[in-house]
Every structure is written in structure tokens, then in C-alpha cells.
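Chains, contacts and geometry: an overview
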Amino acid sequence: MYNDYLDVSQEVALAIDEGRPVVALESTIIAHGMPYPKNVETALAVEKVIRDNGAIPATIGILGGRIKVGLTKEEIEYMAHAENVMKVSRRDFPLVISGKMDGATTVAGTMIAAHMAGIKLFVTGGIGGVHRGAGQTFDISADLEELKMTDVTVVCAGAKAILDIPATMEYLETAGVPVIAYGTDEIPAFYSRKSGVKAVCRLDSPEEIGQLIAMKECLGLKGGVLVTCPIPEEDEIPFEKMDVVIRKALDECREKNIIGKEITPFLLSKVKDLTEGKSLEANIKLVLNNAAIGAKIACCI
Ligand code: PSU
Ligand code: MN
């Protein structure tokens, strides 16, 4: 049983038992998405925002082949600078667990572990999606398949603008995943509030989102719910500005023949260099914003 490989921290286990709000957090953003020491500072700040908004944080990762739900501060610090921490999506679990390795869980990986532990909601920065040019490369993140099958609500700032956002929305429609735009008429584009893609479902309060999640459960419909929250206005980088930077990063990615799971971390780090760190600052701000909203939704489910 998966329970044999799952360690849930005492605090998190007690909160789940008592039906108190818990928010799962991923570790790929720590190990592969942001540079040290901003990554560990952000991870701890996100946990604090979740507590300040009335929920218990549960950062998730894999250490020595054990799935850890509710990493300690020391374990987060370790994840933030250790080498050989694998990026773990659904595909990678058997390898990392049987090999007793360390792994940072992606959105898909974190959804799997959160579900095993009985956590219903998870906060991140941005999800993976359909990459630009996927018609040729078939590069579609396993995050989308996970949203299709695993009953966890994911709160994010939309799909990263390094992706093909309209195609990502089409994919989620086919997969039957409700996509909620929180307080906005457009799907947010991670660094920017607008993407040009109109939202099908706009909801303006955590309570309404809680009701939608409950209704999905009541109807017995499998799979996740995606909540997209626009980055705060004062922190956003306009879409047109990011688009130029992203095109440059994508060109370099192709030139260097980067493939598979290396693509997303490569693009994030390239975009950070090209914006002189501005994209990283925006990334941090939007995660903190998502954490506050996610904790409030967790209190309504
Ligand atoms: N968003 C970020 N930083 C990240 C990621 C998303 O702001 O590091 C990570 C998430 O863990 C997501 C993963 O699940 O990128 C997607 O990778 P891929 O495209 O290889 O599926
Ligand atoms: Mn990919």
C-alpha cells in the first residue's frame, strides 16, 4: 500500500483528522523553479501566509524514497540547495521511491501525494500546460492529465506565458476540468493579469468557489478544479513585454536542444536573466497572493 511510503507530519495529520483546513504546497518550485536562497525564503513566507489566513500548510516532497507531507523547515532548506533532487511527476514516482532517492514534486506529483494524504487543496505559482509548438513536439505537461483524474483543487496564477495558453484551456475543456477565474473575466497569464482568453467561469469569492468544489464532489465527477488568480496589479509585467522575452528564451531552448522535463526550469531561469530578476520578483508575489486566496478557499471546503 502507498501508506507504507507516506509520512504525514503530526501537525498535518491531526488537522486532516479533525477536518481543519490544510493547504498542500509543491517542492519543484523550490528545487527547480527558483534560485537559492529566494526559493527557501519564498517557501517559508508562503507557509506563513497560509497560517495567517487560517489554514495549515503542508509542503510536499520526497526524501530518501519517503513521500513527505508537511516538510520541516530544515527539510525545505535541504530541498532548496541539495543537488540530485529529481523533478518528480507521476511517471517518476516508482523510480524515486524504489531507488530511495530525493525528489521535488511537480504540480502533478504534489496532487498525487496530497490526495494520498487526504488533502483537498493545493497552492502553487503556475501549472504546466501545452507548450508552444506542441503540435510538433507533443510537449504537454503531465499536470493537465493529473487535473483530469485526481480530486484536488489547484490554486495558481494561470498557465505560464511560456506556454500556449489557448491550447492549454482547450485541453482542460476536453479533460472536463472546471477552470475558475477568480475575480476576473480573463484567464490570467501568470506574470500578467490578462491573456486574451476569455474565462468561462468567473467567481468572486472563496465561498462560491467552495460551493462549486462541493457540487463537483456531490455529483461524483472525478478530477481536479483549477482556480486561476490574477497577479496583483502592482506586481504584474505586461503580456506584450513578457512575450518578447519568452520568444527569446524559447529560441535558445531550441538552439540548445533542451528536451523533456528540463524545458520548464530552463525557460524560467532564462526569463529571469532576460528580465534582470523582475520575473522572479513577480513569481514570488503571485505565489504569496495565491497562498492567501487558497487558504481562504480551504476554509470553505
Ligand atoms: N510554476 C512556477 N515554477 C515552477 C513550476 C511551475 O512558477 O517551477 C513547475 C511546477 O512544478 C509544474 C512544473 O508542475 O513546473 C511543470 O513542468 P513540466 O512543464 O515539465 O510538466
Ligand atoms: Mn514537458
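Residues numbered from 1 in each chain as written. Chains lettered and ligands numbered in written order. Predicted model: local features only at pLDDT ≥ 70, side-chain atom pairs only at ≥ 80, totals over all residues. Heavy atoms only, no water.

Grouped burial of nonpolar side chains is what soluble globular proteins tend to show. Within the largest apolar cluster, 104 residues are counted, with the highest numbers of intra-cluster contacts made by Ile119, Leu147, Leu226 and Val227. Element by element, the count of residues in this core is highest for helix 13 (residues 278-298), at 11 residues. Apart from the residues lying within four places of it in its own chain, the contact partners of isoleucine 119 are Val12, Ile16, Val22, Ala24, Ala58, Val69, Ala114 and Val152. (Core = buried A, V, L, I, M, F, W, Y, C linked by side-chain atoms within 4.5 Å. Buried < 20%, exposed > 50% of the residue type's maximum accessible area, 1.4 Å probe, protein only. Helix = DSSP H or I, 4+ residues; strand = E, 2+ residues; numbered from the N terminus. Contact = heavy atoms within 4.5 Å.)

Looking at ligand 1, there are 17 residues lining it, with Glu26, Lys87, Ser141, Asp143 and Thr264 nearest. Here an oxygen atom of ligand 1 sits 2.8 Å away from a polar atom, N or O, in the side chain of lysine 87. A distance of 2.7 Å separates an oxygen atom of ligand 1 from a polar atom in the side chain of threonine 264. Expressed as a share of its isolated accessible area of 480 Å², the protein-covered part of ligand 1 is 94%. Counting atoms within 2 Å of the grid points, the majority share of ligand 1 lands in the largest pocket. Elements supplying a minimum of two residues to the shell around ligand 1: helix 2 (28-33) and helix 12 (263-274). Looking at the shell around ligand 1 element by element, the count peaks at three residues for helix 2. Tallied by class, residues from the shell around ligand 1 come to four nonpolar, nine polar and four charged. (Near = heavy atom within 4 Å. Polar contact = N/O pair within 3.5 Å; in protein donor to acceptor, adjacent residues only side chain to side chain. Areas by Shrake-Rupley, 256 points an atom, 1.4 Å probe, with all protein chains shown as cover. 1 Å grid on protein atoms, 1.4 Å probe; cavity = no way out; pocket = protein on both sides within 12 Å on 5 of 7 lines; lining within 4 Å. Sits in = over half its atoms within 2 Å of the grid points. Nonpolar A, V, L, I, M, F, W, Y, C, P; charged D, E, K, R; others polar.)

Where charged atoms from two side chains of opposite charge approach closely, those side chains can pair. Tallying each qualifying case throughout the model produces 19 salt bridges. Among the salt bridges present, the one from arginine 66 reaches aspartate 7, with a minimum N-O distance of 2.7 Å. Residue arginine 66 is located in strand 4 (residues 66-69), and its partner aspartate 7 is located in strand 1 (residues 6-8); the two are separated by 59 residues in the primary sequence. Its relative accessible area of 28% is what places arginine 66 among the partly exposed residues. For the salt bridge of arginine 202 with aspartate 185, the shortest nitrogen-to-oxygen distance reads 3.1 Å. One end of the pair, arginine 202, is in strand 10 (residues 201-203); the other, aspartate 185, is in the loop between strand 9 (179-182) and strand 10, with 17 residues separating them in the sequence. By relative accessible area, aspartate 185 is classed as partly exposed at 45%. Salt bridges sharing partners connect three or more residues here, namely Asp7, Arg66 and Lys68. (Salt bridge = Lys/Arg side-chain N within 4 Å of Asp/Glu carboxyl O.)

The quantities given are spatial measurements derived from coordinates; they are silent on function.
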